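Here's the letter readout for the chains.
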Amino acid sequence: MTTGAPPPLAPQRSRARKFLPLAVAAWLVLEIWLLMVVADVAGGLTVLLLLVGGVVLGGAVVKRAGRRAFRNLTSTFQQAQEAARAGATPSAPERTGAEDRNGFLMLGGLLLMIPGPVSDVAGLLLLIPPVRSLLGRYAERAVERRMTSAPPGSLQDAFQQARMHRPDGKVVPGEVIRQDGSQGPREPDGNRPPLMP
C-alpha cells in the first residue's frame, strides 16, 4: 500500500454554475404556474391564443432582425471592397444604436417564442429600442472590463493584444530566422521572399 499525496482537489465551481440549474428550474416552474393561473382566469383558448401569438410575433421579430443583420453585413463587405479597390485600408463601419442591437432584438424574438408569460414580458421589453441600447452599453462595458482584467497569458489577453497591436489587419510576409547558436541559421524557404532586399 502506498501512502502518496492526497487526491487532487476538484476545481471550485463558480456561483453562476452552482445556481444556474436551480434558477432555470425555478423559471420553468414559474412559467408553468403562471400559464395555469391564466388558464383558470381566462380559459384554455386564451392561453392557446397567447402561445400562438407569441410564436408568430417572435418569428417575425427574429426574421426582421436577421434581415437587418444580413443587410448590414452586405453593406460592410461592399464598403470594404470599394476601399480595397481605391487602395485605402477599410475602416471599421460606423455603429449606430439602432443597427447595433440586432442580437438583443433576436433574443427578444426568441423569448417571445418560448411559451410563458415571464419570457414574453422579457421579450417585449427587448423590443423597446431604449432598453436594447441600455443593455448593449452595459454589455460592452462588461466585456471591456473583463478584457482589461484578464491575467497575462490567457486567451482574453491574447485577443486584447491582437486587437491593440494590429487593428488594420496587415500581414507582413516573411519568416523568423533564429541565430541562438543551438540550431544555426536556417535557410529561407524557396516559396517565401526574404525579409531583407
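Residues numbered from 1 in each chain as written. Predicted model: local features only at pLDDT ≥ 70, side-chain atom pairs only at ≥ 80, totals over all residues. Heavy atoms only, no water.

Asks: How should the overall build of the protein chain be read in this particular structure?
Replies: Tallying secondary structure elements over the protein chain gives 7 helices and 0 strands in all. Along the protein chain, from the amino end to the carboxyl end, the secondary structure elements read α-α-α-α-α-α-α. For the protein chain, with 197 residues in total, the buried portion stands at 14%. Excluding contacts between residues fewer than 6 apart, the proportion of contacts in the protein chain whose partners are at least 24 apart in sequence is 51%. As displayed, the protein chain offers around 15700 Å² of accessible surface, 66% of which is attributable to carbon and sulfur atoms. (Helix = DSSP H or I, 4+ residues; strand = E, 2+ residues; numbered from the N terminus. Buried < 20%, exposed > 50% of the residue type's maximum accessible area, 1.4 Å probe, protein only. Contact = heavy atoms within 4.5 Å. Areas by Shrake-Rupley, 256 points an atom, 1.4 Å probe, with all protein chains shown as cover.)

Asks: Is there a simple way to explain the packing of helix H1 (residues 15–42) against helix H2 (residues 44–86) in this structure?
Replies: How two helices pack is summed up by the angle between their axes together with the distance between the axes. The geometry of H1 relative to H2 is characterised by a closest axis approach of 7 Å and an angle of 130 degrees between their N-to-C directions. In terms of orientation, H1 and H2 fall into the oblique class. Contacts between H1 and H2 involve Leu35, Val38, Ala39 and Ala42 from the former and Gly44, Thr46, Val47, Leu50 and Leu51 from the latter. Of the residues in the contact of H1 with H2, the class split is 7 nonpolar, 2 polar and no charged. (Axes fitted to C-alpha atoms, helices over the stretch in contact; angles between N-to-C directions. Parallel < 35°, antiparallel > 145°, perpendicular 65-115°, else oblique. Nonpolar A, V, L, I, M, F, W, Y, C, P; charged D, E, K, R; others polar.)

Asks: Looking at this structure, how should I read a nonpolar patch on the surface?
Replies: A cluster of nonpolar side chains, namely Leu45, Leu48, Leu49, Val52 and Val56, defines an oily patch on the protein surface of about 510 Å² accessible area. Its place among the elements puts Val52 in helix H2. (Patch = residues over 30% accessible without salt bridge, like charges linked within 9 Å, V, L, I, M, F, W, Y side chains within 5 Å. Salt bridge = Lys/Arg side-chain N within 4 Å of Asp/Glu carboxyl O.)

Asks: Can you walk me through the side chain of Arg132 in this structure?
Replies: Following the sequence through the fold, Arg132 ends up in helix H6 (residues 129–148). Apart from residues lying up to four places away in sequence, Arg132 is in contact with Arg101, Phe104, Leu105, Leu126 and Leu127.

Asks: It is not clear to me how H6 should be interpreted in this structure. Could you clarify?
Replies: Because an α-helix packs 3.6 residues into every turn, residues spaced three or four apart end up facing the same way. Between the first and last C-alpha of H6 there are 29 Å, a value that for 20 residues agrees with the 28 Å anticipated at 1.5 Å per step. Turning to H6, its buried residues number three or more, namely Arg132, Ser133, Gly136 and Met147. Projected down its long axis, H6 shows its buried positions confined to an angular sector of 95 degrees, all on one face. Along H6, the residues that are exposed and aim more than 90 degrees away from the buried face are Pro130, Leu134, Tyr138 and Arg146. (Expected span 1.5 Å × (residues − 1). Arc of directions from axis to C-beta.)

Asks: Help me understand a positive patch on the surface in this model?
Replies: The grouping of Lys63, Arg64, Arg67 and Arg71 at the surface amounts to a positive patch. Mapping Arg71 onto the fold places it in helix H2. (Lys, Arg positive; Asp, Glu negative; His and termini not counted. Charge placed at Lys NZ, Arg CZ, Asp CG, Glu CD.)

Nothing here speaks to function; it is all geometry.
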